[in-house]
Each structure stands twice: as structure tokens, then as C-alpha cells.
Amino acid sequence: AEWHGDAFALRVGGDVLLWCRKGAKLAATVTAANRYFSGPASEAQTLLAMDLPGPVRLLSARELTTPGGQKALNVSFMVPADTGLGDASAPLVGLQVEAATCSSFA
């Protein structure tokens, strides 16, 4: 599966089986075949065609001192404008925050 702009191409081998847009509802079944026959199709599974979320917005970080005198980092941001469906309607299921002593993360 791959994205081309806002269109999604589902490929098996080199053949494109399906083109759709972000947010389109997809349904898939799988049928096994041997040399002579095809078996029954599986139950259909549905999902929304979704892309990677965009970057978070308005990122800021500041150092602060806790009441116990320890240093802490306060990181704030807004969720991406595009969470995978072309807008912010797809729920995010996780966020990963990384911190390093140099900006290159080396």
C-alpha cells in the first residue's frame, strides 16, 4: 500500500488493485486458491484509508524546577493539523517525546 498525494494505491505484486482517497472506507476479504479451486472468501474486514499523521504544531519546551529542587522539562504542543485523514478527525493513539543534550540527537 502506498500514498500518491491524497490517493491510496493498494498493490499485490506489481498490480494496483484499488485506488481510493484518505478517509474512504475500505473492505477486504481474502480467498485462498490452489492449483484447481478457490476456497470461500474470508469475512470482510473494514478500515479507513489513513496516512501518517503530520508533525505536531507550536512545540515549546522550558526548564523548570520542581518543589523538591529537581530540574524538569515541560514540553507543550498542539496535535497535528492532519492526523491521517487529511484533517484532525482521526484519534491519535500515542505520542513519543524524546529529549537529548544536543539538538542533533546524536
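A short tour of the structure in this document, coming up. (Residues numbered from 1 in each chain as written. Predicted model: local features only at pLDDT ≥ 70, side-chain atom pairs only at ≥ 80, totals over all residues. Heavy atoms only, no water.)

## Examining unusual backbone geometry
Next up, step 1: For Leu58, which is not a glycine, the phi torsion comes out positive at approximately 55°.
Next up, step 2: Within the element layout of this structure, Leu58 appears in strand β6 (residues 57-65).
Next up, step 3: Look at Leu58 and you get exposed, because its relative accessible area is 65%. (Helix = DSSP H or I, 4+ residues; strand = E, 2+ residues; numbered from the N terminus. Buried < 20%, exposed > 50% of the residue type's maximum accessible area, 1.4 Å probe, protein only.)

## Some words on the side chain of Thr83
Next up, step 1: Position of Thr83 among the secondary structure elements: in the segment after β7 (71-78).
Next up, step 2: Relative accessible area serves as the criterion here: at 5%, Thr83 is assigned to the buried category.
Next up, step 3: Here Ala90 takes part through its backbone oxygen, which lies 2.8 Å from a polar atom of the side chain of Thr83.
Next up, step 4: Beyond its immediate chain neighbours, meaning those up to four positions away, Thr83 contacts Met50, Pro53, Ala88, Ser89, Ala90 and Leu92. (Polar contact = N/O pair within 3.5 Å; in protein donor to acceptor, adjacent residues only side chain to side chain. Contact = heavy atoms within 4.5 Å.)

## Section: the pairing of β6
Put simply, side chains in a regular strand alternate between the two faces of the sheet.
Next up, step 1: β6 sits mainly on the outside: zero of its nine residues count as buried.
Next up, step 2: Bridge analysis of β6 against β7 gives seven bridges, and the strand direction is antiparallel. Each bridged residue has a counterpart across the sheet, and for Thr65 the counterpart in β7 is Lys71.
Next up, step 3: Counting the residues that bridge the hairpin from β6 to β7 gives five residues, and of these Gly69 lies at a positive phi of roughly 90°. (Pairing = 2+ DSSP bridges.)

Shape is all these values report; function is a separate question.
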